[in-house]
Amino acid sequence: MVAHIIQADKISKHFTLGGRRVHVLNDISLSVAVGEFVVVAGSSGSGKSTLLSVLSGLDKPDSGRIELCSMDITSFSEDQLAPIRNELVGFVFQAFHLIPSLSAVENIQFPAELRKDKMAREKARELLAKVGLSHRAGNFPSQMSGGEQQRVAICRALINEPKIVFADEPTGNLDSENSEGIVELLCKLNAELNTTLVIATHSHSLAARAGRIIHLCDGAVEEGLGM
Ligand SMILES: Nc1ncnc2c1ncn2[C@@H]1O[C@H](COP(=O)(O)OP(=O)(O)OP(=O)(O)O)[C@@H](O)[C@H]1O
Ligand SMILES: [Mg+2]
């Protein structure tokens, strides 16, 4: 039997825009196995970011049920979700959400400090080196380029070695060299630590590395191997 780390059952989500209801996710059911590398594809506005937010527990669906590691997180309180967000799941946002008053290395070590990891600073420095940003350790987000902030945000998502990484366009702001570096880092996590990856992207080269592609279209999913 395949162990599923993510199980979504008939999830729906709508937004109201200018008095009109927009159904972004319509009764979507999907499951992701432990160690899978899944890409979520679909045109702009198709609901990729919304799906990632709901699957990871950052946002609640209107209806339906989501299990992460066999825990039904749909019924979880904010207090119950906090350790899930900090330890089980790593999230790379499309807009990076770095803390403006913290330097690069401080932003990265923050989730590790929350769990009182004494190696937080050292691990943060190691991650910065892996993404080629050691020279930016002491800089604040406002002093970094979009691509640099994106790499810091990726390091922050990885510091607690989450079992699942949700990444929303993780290479969207990067040149091809840095983009390839991030793809290698994520693939290495997947291969060596069996980290489950769920990545929303328009990138064909990233999709080419995935084991499975979930296409979002009109609120529904279609599965396929290509983009
Ligand atoms: N907070 C919100 N309030 C109202 N509408 C929203 C909100 N968030 C998303 N939407 C709408 O939901 C739809 C899906 O948005 P979403 O951000 O999930 O798309 P996406 O596939 O990630 O797009 P992109 O490729 O441009 O990042 C869009 O029509 C968007 O306008
Ligand atoms: Mg998006």
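Below is a short write-up of the structure. What you see is a predicted model, and the numbers here were worked out from it, not measured in a lab. (Residues numbered from 1 in each chain as written. Chains lettered and ligands numbered in written order. Predicted model: local features only at pLDDT ≥ 70, side-chain atom pairs only at ≥ 80, totals over all residues. Heavy atoms only, no water.)

Here we look at the pairing of strand S2 (residues 20-33)
Sheet analysis places strand S1 (residues 4-17) next to S2, joined by 10 bridges and oriented antiparallel. For Thr 16, the partnering residue across the bridge sits in S2 and is Arg 21. Linking two consecutive strands that pair antiparallel, namely S1 and S2, is a turn of 2 residues; a positive phi of about 55 degrees is found at Gly 18 within it. (Pairing = 2+ DSSP bridges. Helix = DSSP H or I, 4+ residues; strand = E, 2+ residues; numbered from the N terminus.)

Focus: the coordination of the magnesium ion (ligand 2)
The coordination sphere of the magnesium ion (ligand 2) contains the protein donors Ser 49 (OG) and Gln 94 (OE1), at a distance range of 2.0 to 2.4 Å. Taken together, the residues span a long stretch of sequence, with Ser 49 in helix H1 (residues 48-55) and Gln 94 in the loop between strand S6 (89-92) and helix H3 (104-114) at a distance of 45 residues. (Donors = N, O, S within 2.8 Å, 3.2 Å for Na, K, Ca; no water.)

What to know about the environment of Leu 158
In this fold, Leu 158 is placed in helix H5 (residues 146-158). Aside from chain neighbours lying at most four places away, what touches Leu 158 is Leu 127, Val 165, Leu 185 and Leu 189. (Contact = heavy atoms within 4.5 Å.)

Overview of the nonpolar core
Looking at soluble globular proteins, one finds that nonpolar side chains tend to be buried together. Core analysis: the biggest nonpolar cluster contains 40 residues, and Phe 37, Val 39, Ile 108, Val 152 and Ile 199 have the highest contact counts within it. Among the nonpolar cores identified, the runner-up in size contains 30 residues, and Leu 25, Ile 73, Leu 81 and Phe 166 belong to it. (Core = buried A, V, L, I, M, F, W, Y, C linked by side-chain atoms within 4.5 Å. Buried < 20%, exposed > 50% of the residue type's maximum accessible area, 1.4 Å probe, protein only.)

Considerations on empty space enclosed by the protein
Enumeration according to the criterion identifies 1 cavity of 30 Å³ or more in this entry. Of the voids in this model, the largest cavity is the one considered here, and its volume is about 50 Å³. In terms of lining, the largest cavity is formed by Val 54, Gly 57, Asp 59, Lys 60, Pro 61, Ile 66, Ile 73, Thr 74 and Leu 81. Tallied by class, the residues present in the lining of the largest cavity amount to 5 nonpolar, 2 polar and 2 charged. (1 Å grid on protein atoms, 1.4 Å probe; cavity = no way out; pocket = protein on both sides within 12 Å on 5 of 7 lines; lining within 4 Å. Points joined across faces, edges and corners; volume = space filled by probe spheres on them. Nonpolar A, V, L, I, M, F, W, Y, C, P; charged D, E, K, R; others polar.)

Quick notes on the packing of aromatic side chains
Using the criterion set out here, one finds 2 aromatic pairs in the structure. Taken together, a centroid distance of 4.6 Å and an interplanar angle of 35 degrees make the contact between Phe 91 and Phe 93 tilted. Residue Phe 91 is classed as buried on the basis of its relative accessible area of 10%. Using a relative accessible area of 23% as the deciding quantity, one classes Phe 93 as partly exposed. Seen in terms of ring centroids, Phe 91 and Phe 166 are 6.1 Å apart; in terms of plane orientation they differ by 25 degrees. Their pairing is stacked. Of the two residues, Phe 91 is situated in strand S6 and Phe 166 in strand S7 (residues 164-168); the sequence distance between them amounts to 75 residues. The pair Phe 91 / Phe 166 is uniform in exposure class, with both members buried. Ring pairs connect the aromatic residues Phe 91, Phe 93 and Phe 166, which therefore count as one cluster. (Phe/Tyr/Trp six-rings, centres within 6.5 Å; stacked < 30°, edge-to-face > 60°.)

Describing helix H6 (residues 176-193)
Taking 1.5 Å of rise per residue, 18 residues should cover 26 Å, and H6 covers 25 Å from first to last C-alpha, within 8% of that figure. Every buried residue of H6 is accounted for by Ser 179, Ile 182, Val 183, Leu 185, Leu 186, Cys 187, Leu 189 and Asn 190. For H6, the elements touching its buried residues are strand S3 (37-41), helix H4 (120-130), H5, S7, strand S8 (196-200) and helix H7 (204-209). Measuring from the side-chain oxygen of the N-cap residue of H6 to the backbone nitrogen of Glu 177 gives 3.1 Å; that N-cap residue is Asp 175. (Expected span 1.5 Å × (residues − 1). Polar contact = N/O pair within 3.5 Å; in protein donor to acceptor, adjacent residues only side chain to side chain.)

What about the pairing of S6?
Here is the key point about a regular strand: its side chains alternate between the two faces of the sheet. Every second residue of S6 is oriented toward a common face, with Val 89 and Phe 91 on one face and Gly 90 and Val 92 on the other, all of them buried. Relative to S7, S6 is paired through 4 bridges, and the arrangement is parallel. Residue pairing for S7: Phe 91 is matched across the bridge by Phe 166.

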